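# Remarks on the overall topology
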Amino acid sequence: VVNMSYPSPWKTLFNHLQNKGVMVFSPGQHQGECTSPYVVISNQGLNRPKSYSSTQTRYDLMCYVPQNRYSELEPFVEQIKDYMRELYPQFKPLNFETGSFLDDTVKGHMISIQYGLNRKL
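What comes next is a walk through the structure. (Residues numbered from 1 in each chain as written. Predicted model: local features only at pLDDT ≥ 70, side-chain atom pairs only at ≥ 80, totals over all residues. Heavy atoms only, no water.)

### Focus: the packing of aromatic side chains
Both the distance between ring centres and the angle between the ring planes are used here to describe each pair of aromatic rings. Short version of the rule: Note on aromatic contacts: the rings of Phe and Tyr and the six-membered ring of Trp form a pair at centre separations within 6.5 Å, being stacked when their planes are under 30 degrees apart, edge-to-face when over 60 apart, and tilted otherwise. Numbered from the N terminus, helices here are DSSP runs of H or I no shorter than four residues, and strands are runs of E no shorter than two. For every residue, the accessible area (1.4 Å probe, protein chains only) is compared with the maximum for its type, and the residue is labelled buried under 20%, exposed over 50%, or partly exposed between those bounds.
Under the definition given, this model contains four aromatic pairs. Ring centres 5.3 Å apart and planes at 85° place the aromatic pair Phe25 and Tyr38 in the edge-to-face group. Within this pair, whereas Phe25 is found in strand 1 (residues 24–25), its partner Tyr38 is found in strand 2 (residues 38–47), the two being separated by 13 residues in sequence. Tyr38 shares its class with Phe25; the two are buried. Grouped by ring-pair contacts, the aromatic residues Phe25, Tyr38 and Tyr64 constitute a single cluster.

### Some points on the environment of Asn118
Let me state the cut-off plainly: The criterion used for residue contact is that any of the two residues' heavy atoms lie within 4.5 Å. Side-chain atoms alone can form a polar contact between residues adjacent in sequence; in general such a contact is a pair of N or O atoms within 3.5 Å, and within protein one must be able to donate a hydrogen while the other accepts it.
Here Asn118 lies in strand 6 (residues 108–120). In this structure Asn118 comes out as partly exposed when scored by relative accessible area, which is 37%. Expressed as a C-alpha distance, the spacing of Asn118 and Leu94, which sit 24 residues apart in the sequence, is 11 Å. Leave out the neighbours within four places in its chain, and Asn118 touches Thr55, Gln56, Gln90 and Lys92. For Asn118, the side chain forms a polar contact with the side chain of Gln56, separated by 3.1 Å.

This is the structure:
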C-alpha cells in the first residue's frame, strides 16, 4: 500500500504548472500530435554527490510546441522557468538545457530543462 500522505515532488511540480494554466503530462500520457504548447515531467533518477550528506533527484521538464510554431518555443521555455522560480529553493535549476529537437512522433519542437530536488540523508 502506497502512503499517499507523503508529498510527491513530481506531483508538486505537476500541480504547480497545472495551476499556472500549463498543459502538463507524465511520460507516455500525451497522445497524438502536438497542437498546443505542453510540458512532460519526467523523474530522471537520484544522484548522490560524494562527500555530501544529501541526495539530488533530477527532473526533466520537456517543453513542446507545435512544429509550425517554432518561434514560440524559447518564449514558452522562459515562461516555464519563470513559473519554476516560484518553487525555489525546493527545486533548483541545474543549468542544463537541451538544444531544440523536432520530435516527428508528435510533430512538435522540444527543449528539455532540468531541475534538482536536494534532500538530506
